[in-house]
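Structural description and commentary
Spelled out from the first residue to the last, the chains are:
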Amino acid sequence: MKKIIILFLLVSVVALGQATQKKINIVCAGNSLTSAVGTNTASLPYPAQLQRLLGPNFLVTNSGVAGQTTQNISTNYATQIGNYYNASTYADNILIVWEVRNDLVVNNASSTVVTTTQAYNNFVTLCNTADAQGWKIIVVTVLPSWAAQYKGNSTSTGYNNIDSDRLTVNASIVSNWASFSNALVDIGSNSNLGTLGQNAQAGYVYSSGTRPTKNTWYDDGTHLLNTGYGVIADKVSQAILKLL
């Protein structure tokens, strides 16, 4: 009888410990590649797949907003990032920052011109703001992307300029990430997603002045399908676990 009581107490203590264990807080900040505003992708954006991979001891929040630039995220920092931070409630607070694409493409399709240096500096400024609040930061490099117009050019020349600029910013991030973040996910160099013309089954982009036609494997020239977002989630989860 005593053994039964002791066993019951042990089980109760373990259950109580599991119930009161603090979760690890993960916030994913970015643009529509994070919020997954694509024709075929909204059901499984990478933060949702990340939650599945990490399990119940993690709380993953999708803070991505379609169409926003890095500067927009900084302007709306409190509501998109800052308000989610809580050192007493969570065992750890980790921020995933994946942008730059819109800082280049959206701004350079309008009257606002952002150079590669400015785009990189905007990204670093955002990360420094989060670091000052106490976040552990994982940065993600930029994938290839189609756009209707870039720096006044709507042909494949404009497209190639996008890719050249995103590679320039990626190189700066890869070289300097340790000075403004805690970990790097260099998805831009991933052979499945980050290289034009390779592994069409995984991705989304082709070097063309005409918007790619959606098919079974890719969406719209910018946004991934669930398989592509799964690659992002897998790489980000690995980076998170290494930080803990």
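Numbering of residues begins from 1 in every chain and follows the order in which that chain's sequence is written. Selection of residues for local features in this predicted model requires a pLDDT of at least 70, selection of side-chain atom pairs for listing and counting requires 80 or more, and totals for whole chains, interfaces and linings are taken over all residues. As a rule here, side-chain values come from all non-hydrogen atoms in the structure, and water together with hydrogens is ignored.

The next subject is unusual backbone geometry. Even without being glycine, Val100 reaches a positive phi, approximately 80 degrees. Inspection of the secondary structure puts Val100 in the loop between strand S3 (92-98) and helix H6 (101-108). Residue classification places Val100 among the buried positions, given a relative accessible area of 0%. Here a strand is any run of E in DSSP of at least two residues, a helix any run of H or I of at least four, and the numbering for each starts at the N terminus. Type-normalised accessible area, obtained with a 1.4 Å probe on protein chains alone, sets the label of each residue: buried when under 20%, exposed when over 50%, and partly exposed for intermediate values.

On to the packing of aromatic side chains. How two aromatic rings sit relative to each other is given by the distance of their centres and the angle of their planes. Centre distance within 6.5 Å is the pairing criterion for rings of Phe, Tyr and Trp, where only the six-membered ring of Trp is used; planes under 30 degrees apart are then read as stacked, over 60 as edge-to-face, and the remainder as tilted. Tallying each qualifying case throughout the model produces four aromatic pairs. Residues Tyr85 and Trp135 carry aromatic rings whose centres are separated by 5.3 Å and whose planes lie at 65 degrees to one another, so their mutual orientation is edge-to-face. With Tyr85 in the loop between helix H5 (77-80) and S3 and Trp135 in the loop between helix H7 (116-133) and strand S4 (136-140), this residue pair connects regions lying 50 residues apart in the sequence. The class of Tyr85 is partly exposed, set by a relative accessible area of 23%. Owing to a relative accessible area of 2%, Trp135 belongs among the buried residues under this scheme. Among the aromatic residues, those joined into a cluster by ring pairs are Tyr120, Phe123 and Phe180.

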